[in-house]
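Residue-level structural notes
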Amino acid sequence: MATIWAHSGDSHVLEPDDLWLRRLPGDLAERAPRVVRDDEREIVYVDGTMVRRDPIAFSDANRPPGALDVALRIGDLDRQGIWGEAVFPSRGLWTTIIKDPVLARECIRAYNDWCADTVNAASDRLIGTAIVSMLDTDDAVGELQRAAGLGFRAVFMATTPPEGRGFNLELWEPLWAAAEEAGLPLCFHVGTGTDVKATRGPGGAVINYVETFFPGQRTVAHLVASGALDRHPDLKVFIAEGGAAWAPALADRMDEAYRQHGMFVRPVLSELPSSYIYRQVYTSFQHDRTAVTAVEAMGYDKVLWGSDYPHVEGTFPNTQAVLADLFDGVPDAVRRRVTLETFEELFSFPAGAPGEG
Ligand code: MN
């Protein structure tokens, strides 16, 4: 079987243990996200509070050597048939639940400096995503502009905003304008911005995984209904790792509300909500069969595939088998759209991949 080459819209780097310890003054370094291991558990602390405990075996399964070492990472990509890659943080994801704006701002700056030097500088194939503050719009705008100056081509945000900072609110407007102006897509990664509120009992593992994908849909509803995407037609947003086939369904739901409840609708939009979703909202999936159907049968063509490397939710080390299965019997044009072209469009990435026919 010939290799199916793909770009991955959703992957992660694993930061070194001492990233913040080395880069921040002592008082802030102590409160930065920190991972402590004992014989049984890996425990994450953020600003002195325990936020997560995982069995060691689970943590290690998420940690092939290439997660930490960029040179090894490129080898993994080559063997998996992955060319370009959008690279999200791992420990940096925890910055989205910090409650102190100064701590958040400084952790984020340190992460972005490290990411620029380590990820972006290593290869043109890697698109590190800059973090911005979820707590303070001025900080977020300043960091977005600084990141653009450092050469970043994408920005990571959480799908759950802090209390009182819903994505439909005017207070975010300067960030939407800055992202549009800089030409940087806002990449909202699922499962971020909130403490894990675990459902216990029967079905918990599956229920809790499902819970992580609803906030991405809520983010899109807020950005579209509030007119953010209407006011900023060149702003692109991306919901990473949340699947894709919900997007056309959400578009239908929003159009129905907009039309049938029109007397209550504020603000009035220039077009139906679905227009913004089909034009400006990108989504990514790993295994979902329906994601390919959304492109082929529903005409929603903003779908990226993502490996989620190095996470166990993803396709490593079985990427080629997954891609062969996903695209069996699918027209080449649809496959190319999902595996390559949507990524190239979103991240202004050079077309094609070597070895890809
Ligand atoms: Mn991911």
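Quick summary incoming for the structure in this document. (Residues numbered from 1 in each chain as written. Predicted model: local features only at pLDDT ≥ 70, side-chain atom pairs only at ≥ 80, totals over all residues. Heavy atoms only, no water.)

1. Things to note about the packing of helix H6 (residues 137-150) against helix H7 (residues 173-182)
Going by this rule: The convention used is that axes are lines fitted to C-alpha atoms, helices contributing only their stretch in contact, and that angles between N-to-C directions extend from 0 to 180 degrees. Where helices and strands are cited, they refer to DSSP runs of H or I of at least four residues and of E of at least two residues respectively, numbered from the N terminus. An angle below 35 degrees is treated as roughly parallel, one above 145 as roughly antiparallel, one from 65 to 115 as roughly perpendicular, and anything else as oblique. What makes two residues a contact is simply this: any of their non-hydrogen atoms within 4.5 Å. Only Asp, Glu, Lys and Arg are considered charged in this grouping, and only Ala, Val, Leu, Ile, Met, Phe, Trp, Tyr, Cys and Pro are considered nonpolar; every other residue, Gly among them, is considered polar.
It is the contact of H6 with H7, at a shortest axis distance of 9 Å, that shows an interaxial angle of 10 degrees. Between H6 and H7, the angle is such that the two are roughly parallel. Along the contact surface, H6 presents Thr-137, Ala-140, Val-141, Leu-144, Gln-145 and Ala-148, while H7 presents Pro-174, Leu-175, Ala-178, Ala-179 and Ala-182. When grouped by side-chain class, the residues that make up the contact of H6 with H7 number nine nonpolar, two polar and no charged.

2. Regarding the pattern of salt bridges
Note the cut-off: By definition, a salt bridge exists where a carboxyl oxygen of Asp or Glu is found within 4 Å of a side-chain nitrogen of Lys or Arg. Type-normalised accessible area, obtained with a 1.4 Å probe on protein chains alone, sets the label of each residue: buried when under 20%, exposed when over 50%, and partly exposed for intermediate values.
Applying the stated criterion across every chain, the model contains 23 salt bridges. Put simply, Glu-143 and Arg-109 hold a salt bridge, and the shortest N to O gap is 3.9 Å. In this pair, Glu-143 is assigned in helix H6 and Arg-109 in helix H5 (residues 101-120), connecting sequence segments 34 residues apart. Glu-143 sits in the buried class, given a relative accessible area of 6%. For the salt bridge of Arg-231 with Glu-173, the shortest nitrogen-to-oxygen distance reads 2.9 Å. Remark: Glu-173 occurs in helix H7 and Arg-231 occurs in helix H10 (residues 228-231); sequence separation between them is 58 residues. The structure contains a network of salt bridges with shared partners spanning Arg-37, Glu-42, Asp-60 and Arg-63.

3. Section: the packing of H5 against H6
Close contact between H5 and H6 brings their axes to 11 Å; oriented N to C, the two are set at 10 degrees. Taken together, the axes of H5 and H6 are roughly parallel relative to one another. Where H5 approaches H6, its residues Pro-101, Arg-105, Ile-108, Arg-109, Asn-112 and Asp-113 are matched on the opposing element by Asp-139, Glu-143, Arg-146 and Leu-150.

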